[in-house]
Amino acid sequence: MRKKILAIIAVVIIIGAVGVWYYVFQYSKTHHRDVVNEDATIITAAQIVKDYQTNEKAANAAYLDKAIQLKGVILKRDKDQAGNATLTLKSNDPFANIFCTLKKGVTLSQTDSVVIVKGICNGFLSDVVLNDAIVVPGHK
């Protein structure tokens, strides 16, 4: 009887481990969210920062985990630990801006000072954070 219970537990653990492996290494690679194909909420950099500063709970309901498109002046260009390009876009508040991590392979001309970006909103820390962002063509 004990051997049957142990065998069942072992089978459940193996099936669970295979399921986790499949999700992490196979399914998530082919079913990744792509901001290019999503309709975005269009807002100004100043307005989204103001919305988060005024009422973070309401702003999260409106923007969190949704595609956001905004136009902004580039304050800083950098790279994250994974080597992805990052941008900090100016808002009207000198202490809160928009921090964007661009998708892998997205490049930006070093001469551009104003861009339109579209990314997934990840909320507000000291800046509004957009991930997997792309640069929308025709931003001049």
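Residues numbered from 1 in each chain as written. Predicted model: local features only at pLDDT ≥ 70, side-chain atom pairs only at ≥ 80, totals over all residues. Heavy atoms only, no water.

Caption draft 1: Structural view of the environment of Ile 48. For Ile 48, the location among the structural elements is in helix H2 (residues 45-54). By relative accessible area, Ile 48 is classed as buried at 0%. Distance in space between the C-alpha atoms of Ile 48 and Lys 4 is 59 Å, their sequence separation being 44 residues. Discounting chain neighbours no more than four positions away, the residues touching Ile 48 are Ile 43, Tyr 63, Ile 68, Leu 70, Ile 98 and Val 128. (Helix = DSSP H or I, 4+ residues; strand = E, 2+ residues; numbered from the N terminus. Buried < 20%, exposed > 50% of the residue type's maximum accessible area, 1.4 Å probe, protein only. Contact = heavy atoms within 4.5 Å.)

Caption draft 2: Fine view of the packing of aromatic side chains. Enumeration over the complete set of coordinates arrives at two aromatic pairs. Note on Tyr 52 and Tyr 63: the rings are 6.1 Å apart at their centroids and 40° apart in plane angle, and the pair reads as tilted. One end of the pair, Tyr 52, is in helix H2; the other, Tyr 63, is in helix H3 (residues 56-63), with 11 residues separating them in the sequence. According to the relative accessible area criterion, Tyr 52 is buried, its value standing at 1%. Looking at Tyr 63, the relative accessible area reads 9%, which means it is buried. Relative to Phe 124, the ring of Tyr 52 has its centre 5.5 Å away and its plane inclined at 15°; by these criteria the two rings are stacked. (Phe/Tyr/Trp six-rings, centres within 6.5 Å; stacked < 30°, edge-to-face > 60°.)

Caption draft 3: Fine view of the nonpolar core. One finds Ile 48, Leu 70, Leu 87, Leu 89 and Ile 98 to be the most contacted residues of the largest nonpolar core, which totals 25 residues. Taken together, the elements giving at least two residues each to this core come down to H2, H3, strand E2 (67-79), strand E3 (85-93), strand E4 (96-102), strand E5 (114-124) and strand E6 (128-135). The contacts of Ile 98, once residues within four sequence positions are left out, are Ala 45, Ile 48, Val 49, Leu 70, Leu 87, Thr 88, Leu 89, Val 128 and Leu 130. (Core = buried A, V, L, I, M, F, W, Y, C linked by side-chain atoms within 4.5 Å.)

Caption draft 4: The pattern of salt bridges, seen in detail. Inspection of the entire model under this criterion finds one salt bridge. The salt bridge involving Asp 78 is made with Lys 76; its shortest N-O contact spans 3.8 Å. Note on Asp 78: relative accessible area 41%, which makes it partly exposed. With relative accessibility at 47%, the residue Lys 76 sits in the partly exposed group. (Salt bridge = Lys/Arg side-chain N within 4 Å of Asp/Glu carboxyl O.)

These results come straight from atomic positions and should not be treated as a statement about function.
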